[in-house]
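One-letter residues, chain by chain:
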Amino acid sequence: MPEPKEHVQVLAMMTPTFAVRRREPVLIGPSKPTPRETKRLSDIDDQDTLRGQVPFVFFYRGGVHAHADDGRDPAGVIRRALGAALVPYYPLAGRLREVEARKLVVDCTGEGLMFVEADADVCLAELEAAAGGLAPPFPCMDQLLFDVDGFGGVLGCPLLLIQVTRLLCGGFVLALRLNHTICDAIGLSQFVSAVAELARGVPAPTVAPAWFRELLEARNPPKPPAFPHREFDPVPMPPPPPPGDMVTRTFTFTPDDIAAIKRALPPESDLAATTTTTFEALTSALWRARTEALEIPPDEEVRAVSIVNFRGVPGLALPAGYYGNACVPVAAVTTAGALLAGSLGDAVALVRGTKAAVTAEYVRSALDLLVQRGRPCVAMANLFLASDNRHAGFHRVDFGWGEPVYGGPAATLFGVSFFVHVGNGGGGEGAVGVMIVLPRPAMDRFASELETLLKG
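Under an unreviewed UniProt entry, the name given to the protein chain is Benzyl alcohol O-benzoyltransferase, and the organism recorded is Urochloa decumbens.

This is how it looks when you write it as structure tokens:
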């Protein structure tokens, strides 16, 4: 078989300028025969909120592990491990289609995921310097994760696009784009960790994958929702922000920063620093600072939506190894005026209530609502959606060259913030990175609000 063609693109950054050479994209299917069948996604999986592609990225240094010096090629090692991992995870090698009432199913065809192999004439240290440290937004992501024609849709496309780019220093970058309907962050991390184990020579993945999407189907017929579910309010879509005016930043909070935020809470109450989680404190503080920075009129409703993982919730019986979407969005709603006039403790109480709401009955109610309303998207008006990816395990994924300097989401959208682990890249143990997208003037005001908050 002839060698795949290479494409060369010279990429200019602040510093340096370097060439990226890509081979032709190829499909990687399961390395052994797998069942040919059709599987229904869950009614959590196929909501409109998740019908899109989400980018992730992992940066690895060279020379930090025995494998880095023994001539093994990371692209070749990972490519073979992907084929092996797709045997137990064979639905990920299939294609989605819609059936009745916009229901999504995956045809397990074994066609495979898309894989791109590349080389870049740059060292990881240079990428770090150009980005000001490895945290989103990353320079040149469009080349570290090339946009393959025909991949960007939801239906009839590969469910994963993976690019492995070798660097001059011996390090490499693994970037991927996931069809979010098939996995959540924990499910994706489980699959990538399985690939990493196989790449390191482990005979089989430690965690066996479990499908069982039928456990998260709406009742037949669906019952009227038993909870408000304000996250799915049928509110008008807000006007799009001006093009080119949006700025992405990752704000890093050290343990001292988090302690400073918690000092604003009442010392003798259920909302004291000792009982308030990092997620609750940061989400509440960021919600208030963002609302102030956007200058939202006082009488308008604002909503903080927490993405709550319900694995382990009694009564749902999700098995270990479940890799579908197993989270629900839950909204805390108030007015901009009330949020800013109240204390940080008041905001924490609202955010805390979102996680406390998630019981088995709440999840069933959400499933019924999603089906009854045609699988709607989360209400976007004045939205601050916080998704905590710190514990998904991305920062521990080791293909044989050590843990990544950064592993996690590569980008986000206006209104959506990911909490990410940044300790591997020099943020310090316990540091939290929070990705924020805002119009440029609002970003300046937001940064000023945070500085004032951290100074107490």
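What is the right way to read the overall build of the protein chain from this model?
When its secondary structure is counted, the protein chain shows 10 helices and 17 strands. Against the 2.2 N^0.38 benchmark of 23 Å for 456 residues, the protein chain shows a C-alpha radius of gyration of 22 Å, consistent with a compact globule. C-alpha extents for the protein chain along the principal axes are approximately 65 × 55 × 40 Å. By residue count, 54% of the 456 residues in the protein chain fall in the buried class. A separation of at least 24 residues holds for 78% of the contacts in the protein chain among residues at least 6 apart in sequence. Entry remark: accessible area of the protein chain is about 18700 Å², with carbon and sulfur atoms responsible for 56%.

How should the pattern of salt bridges be read in this particular structure?
If the charged atoms of two oppositely charged side chains come close together, the side chains can form a pair. Here the structure, examined in full by the defined rule, presents 34 salt bridges. Notably, a salt bridge pairs Arg213 with Asp45, separated by 2.8 Å at the nearest N-O pair. Of this pair, Arg213 sits in the loop between helix H4 (185-199) and strand E11 (246-253) while Asp45 sits in the loop between strand E4 (38-40) and strand E5 (53-60), placing them 168 residues apart in sequence. In this pair, the class of Arg213 matches that of Asp45, namely buried. In this structure, the salt-bridge partner of Glu361 is Arg364, at a minimum N-O distance of 3.9 Å. On the criterion of helical spacing, the pair formed by Glu361 and Arg364 is a turn pair, its members being 3 residues apart in helix H9 (residues 360-372).

Would you mind going over the nonpolar core with me for this structure?
Side chains of a nonpolar character, in soluble globular proteins, are inclined to be buried together. In terms of nonpolar packing, the biggest core is built from 57 residues, with Val57, Phe59 and Phe310 touching the most fellow members. Examining the composition of this core, we find that 7 residues originate from one element, H9, more than from any other. Those residues within four positions of Val57 in sequence are excluded, and the remaining contacts are Phe138, Met141, Val173, Leu174, Ala175, Tyr406, Gly407, Gly408 and Ala410. With 50 residues, the next largest nonpolar core counts Tyr89, Ala93, Cys108 and Val192 among its residues.

Hey, could you run me through the pairing of strand E12 (residues 301-309) in this one?
In the case of a regular strand, side chains alternate between the two sheet surfaces. Relative to strand E13 (residues 327-335), E12 runs antiparallel, the two being bridged by 9 bridges. Bridged to Ala304 within E13 is Ala332. Sheet analysis places E12 next to strand E14 (residues 383-388), joined by 4 bridges and oriented parallel. Residue pairing in the sheet places Val305 in a bridge with Leu385 of E14.

I'm lost on the layout of surface pockets in this one. Help?
It is the rolling of a water-molecule-sized probe over the atoms that shows where space remains empty. When its volume is computed, the largest pocket comes out at roughly 1300 Å³. Taken together, 48 residues form the lining of the largest pocket, with Ile307, Leu385, Ser387, Asn389 and Phe418 sitting closest to its centre.

Would you mind going over the packing of aromatic side chains with me for this structure?
What characterises a pair of aromatic rings is the spacing of the ring centres plus the angle enclosed by the ring planes. According to the stated counting rule, one finds 13 aromatic pairs in the structure shown. Plain terms: the ring middles of Trp211 and Tyr323 are 6.0 Å apart, the flat faces sit at 70 degrees to each other, and that makes the pair edge-to-face. Within this pair, whereas Trp211 is found in the loop between H4 and E11, its partner Tyr323 is found in the loop between E12 and E13, the two being separated by 112 residues in sequence. Judged on exposure class, the residue Trp211 and its partner Tyr323 are both buried. Judged by centre distance (5.3 Å) and plane angle (70 degrees), the rings of Phe251 and Phe446 are edge-to-face. Taken together, the positions of Phe251 in strand E11 and Phe446 in helix H10 (residues 440-454) put the pair 195 residues apart, joining distant regions of the chain. Since its relative accessible area comes to 9%, Phe251 is described here as buried. Following the ring pairs from residue to residue traces out a cluster consisting of Tyr60, Phe172, Phe399 and Trp401. The ring centre of Phe146 lies 3.5 Å from the NZ or CZ of Arg22, which sits over that ring.

Hey, could you run me through the sheet that holds strand E7 (residues 104-107) in this one?
Within a sheet, adjacent strands bond to each other through the backbone by hydrogen bonds, running parallel or antiparallel. Judged by pairing direction, the sheet is antiparallel, and its 3 strands sit side by side in the order E4-E7-E6 without closing on themselves. Sheet topology places E4 and strand E6 (95-98) at the edges, where each strand pairs with a single neighbour. The mean angle between the axes of side-by-side strands here comes to 30 degrees, regardless of whether they run parallel or antiparallel. As paired elements, E4 and E7 share 3 bridges and run antiparallel to each other. Counted as the bridge partner of Lys39 is Val106 from E7.

Teacher, can you tell me more about the pairing of strand E9 (residues 160-167) here?
Along E9, 8 of the 8 residues are buried, which leaves the element largely enclosed by surrounding structure. Residue alternation in E9 divides its side chains into two sets, Leu160, Ile162, Val164 and Arg166 and Leu161, Gln163, Thr165 and Leu167, and both sets are buried. With 7 bridges joining them, strand E8 (residues 113-120) and E9 adopt parallel strand pairing. Within the sheet, the bridge partner assigned to Glu117 lies in E9 and is Val164.

Is there a simple way to think about the sheet that holds E14 in this case?
Taking strand neighbours across the sheet as the criterion, the 6 strands line up as E11-E17-E16-E14-E12-E13 in an open arrangement whose pairing is mixed. Looking at the sheet topology across the chains shown, the edges are occupied by E11 and E13. Strand-to-strand twist in this sheet, taken as the mean axis angle between neighbours without regard to direction, amounts to 20 degrees. With 8 bridges joining them, E11 and strand E17 (residues 432-439) adopt antiparallel strand pairing. When the bridges of E17 are listed, Thr248 appears paired with Val437. Its contacts with the sheet put helix H8 (residues 344-356) on E12 and E13, and the angle it makes with E13 is roughly 150 degrees.

Help me out: how do you make sense of the side chain of Arg51 in this one?
Take Arg51: it is sitting in the loop between E4 and E5. Exposure remark for Arg51: the relative accessible area of 18% places this residue in the buried category. For Arg51, the side chain forms a polar contact with the main-chain oxygen of Asp46, separated by 2.8 Å. Within the structure, Arg51 has its side chain in polar contact with the side chain of Glu98 (distance 2.6 Å). Those residues within four positions of Arg51 in sequence are excluded, and the remaining contacts are Asp46, Glu98, Arg102, Leu104, Val154, Thr181 and Arg375.

Rules behind the numbers
Residues numbered from 1 in each chain as written. Predicted model: local features only at pLDDT ≥ 70, side-chain atom pairs only at ≥ 80, totals over all residues. Heavy atoms only, no water. Helix = DSSP H or I, 4+ residues; strand = E, 2+ residues; numbered from the N terminus. Rg over C-alpha atoms; globule rule 2.2 N^0.38 Å. Buried < 20%, exposed > 50% of the residue type's maximum accessible area, 1.4 Å probe, protein only. Contact = heavy atoms within 4.5 Å. Areas by Shrake-Rupley, 256 points an atom, 1.4 Å probe, with all protein chains shown as cover. Salt bridge = Lys/Arg side-chain N within 4 Å of Asp/Glu carboxyl O. Core = buried A, V, L, I, M, F, W, Y, C linked by side-chain atoms within 4.5 Å. Pairing = 2+ DSSP bridges. 1 Å grid on protein atoms, 1.4 Å probe; cavity = no way out; pocket = protein on both sides within 12 Å on 5 of 7 lines; lining within 4 Å. Points joined across faces, edges and corners; volume = space filled by probe spheres on them. Phe/Tyr/Trp six-rings, centres within 6.5 Å; stacked < 30°, edge-to-face > 60°. Lys NZ or Arg CZ within 6 Å of the ring centre and 35° of its normal. Axes fitted to C-alpha atoms, helices over the stretch in contact; angles between N-to-C directions. Polar contact = N/O pair within 3.5 Å; in protein donor to acceptor, adjacent residues only side chain to side chain.

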